[in-house]
Amino acid sequence: MRIADGIHRIGDGTVNAYLVVEGAEVTIVDAAMPGHWSGLLAELAAIGRTLDDVRALVLTHGHSDHIGFAERARGRGVPVSVHELDAALARGELPNPAKGGGPIRPLPLLRFLWLGLRRGGLSRVKLGAVATFGDGATLDVPGAPRVILVPGHTPGSAVLHVPGRDVLFVGDALATYAVTNGSRGPMIAPFTADPAQAIASLDRLDGLDAGWVLPGHGDPWTGGVGEAVRRVRAAGPDGMGRPAV
Ligand SMILES: [Zn+2]
Ligand SMILES: [Zn+2]
């Protein structure tokens, strides 16, 4: 699905992966669940590209619902990278650091779990190997995303800024949809390891401008980075999975 010029989304908004298209070349941002592989191939075909045009798969963090098809892509020659502080998590060497998911409503959570069953996202998804990047790096991949480390959701959670496309990929640094209860609006994502740290990390986005804030879960936010961050702060550290109103 086309989001903006050169930006495409894979998935229905519950769990998202994205494409950045730069000329003939493509960067994938996050890898959703293993079963989203067919959606990846379909989206590439829809824009006249193939896996051979994909130069990189960049992960916002090491959670299994973001590295779904990454190992399969790696097997097809696509370099995969993640922030160095999440590499062990992405390789499945560490347990998920999240202790809980915040408030739950059964139907949306069941929907997420059902998606996981259908798409294979709840099985033990991990990477055999992964390259790493550090805070502040500008990645030498299509779109040239700049890395902003925002620890809290996981220790190595990274926001990827693509100024040339007016896009900020926020991963789960904030979500606009809570898979645990169906709430919508900017909030601390469910399954955040350290919500207070996650909110403090959003200071690093102050002053950033992006017309498109694209989360790992939920629809695009077009109300400005500052307003998204303001709402997350307003809900406070107890606001995991609860948007401010
Ligand atoms: Zn996550
Ligand atoms: Zn996630």
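The preceding data block contains the structure.
The sections below set out a description of the structure shown in this document. (Residues numbered from 1 in each chain as written. Chains lettered and ligands numbered in written order. Predicted model: local features only at pLDDT ≥ 70, side-chain atom pairs only at ≥ 80, totals over all residues. Heavy atoms only, no water.)

Observations concerning the environment of Val130
As for its position among the elements, Val130 is in the loop between helix H4 (106-119) and strand S7 (131-133). Given the relative accessible area of 14%, Val130 is considered buried. Distance from Val130 to Gly39, taken between C-alpha atoms, is 23 Å for residues 91 residues apart in sequence. In this structure Val130 touches Val80, Ser81, Val82, Ala87 and Arg91, once residues within four positions along its chain are discounted. (Helix = DSSP H or I, 4+ residues; strand = E, 2+ residues; numbered from the N terminus. Buried < 20%, exposed > 50% of the residue type's maximum accessible area, 1.4 Å probe, protein only. Contact = heavy atoms within 4.5 Å.)

As for the side chain of His66
Along the chain, His66 falls in the loop between strand S5 (54-58) and helix H2 (70-75). Among the polar contacts made by the side chain of His66, one reaches the side chain of Asp30 at a distance of 3.1 Å. There is a polar contact of 3.3 Å between the side chain of His66 and the side chain of His217. Setting aside anything within four residues of it in sequence, one finds His66 in contact with Asp30, Ala31, Ala32, Leu59, Thr60, His61, Asp172, Gly216 and His217. (Polar contact = N/O pair within 3.5 Å; in protein donor to acceptor, adjacent residues only side chain to side chain.)

Brief notes about the environment of Tyr18
Along the chain, the position of Tyr18 falls in strand S3 (residues 17-22). Classification of Tyr18 as buried rests on a relative accessible area of 3%. Through-space distance from the C-alpha of Tyr18 to that of Gly216 is 9.0 Å; in sequence the pair is 198 residues apart. When sequence neighbours within four positions are dropped, the list of residues in contact with Tyr18 reads His8, Arg9, Thr27, Ile28, Val29, Phe169, Leu214, Pro215 and Gly218. Within the local environment of Tyr18, its side chain forms a polar contact with the backbone oxygen of Pro215, the two atoms lying 2.7 Å apart.

Quick word on the coordination of the zinc ion (ligand 2)
Within the protein, the zinc ion (ligand 2) binds to Asp65 (OD), His66 (NE2), Asp172 (OD) and His217 (NE2); these donor distances fall in the range 2.0 to 2.7 Å. Given four donor atoms and angles of 81 to 159 degrees at the metal, the environment of the zinc ion (ligand 2) is assigned as irregular. Written as a sequence motif, the donor arrangement for the zinc ion (ligand 2) is D-H-x105-D-x44-H. Separating the zinc ion (ligand 2) from the zinc ion (ligand 1) is a gap of 3.2 Å, which Asp172 spans by donating to each of them. Pair noted here: Asp65 is in the loop between S5 and H2 and Asp172 is in the loop between strand S10 (167-171) and strand S11 (175-177), with a separation of 107 residues, a long-range link. Judged by relative accessible area, which is 11%, Asp65 ranks as buried. (Donors = N, O, S within 2.8 Å, 3.2 Å for Na, K, Ca; no water. Tetrahedral: all angles 85-135°; square planar, octahedral: opposite > 155°, others 65-115°.)

Worth remembering: the numbers are spatial, not functional.
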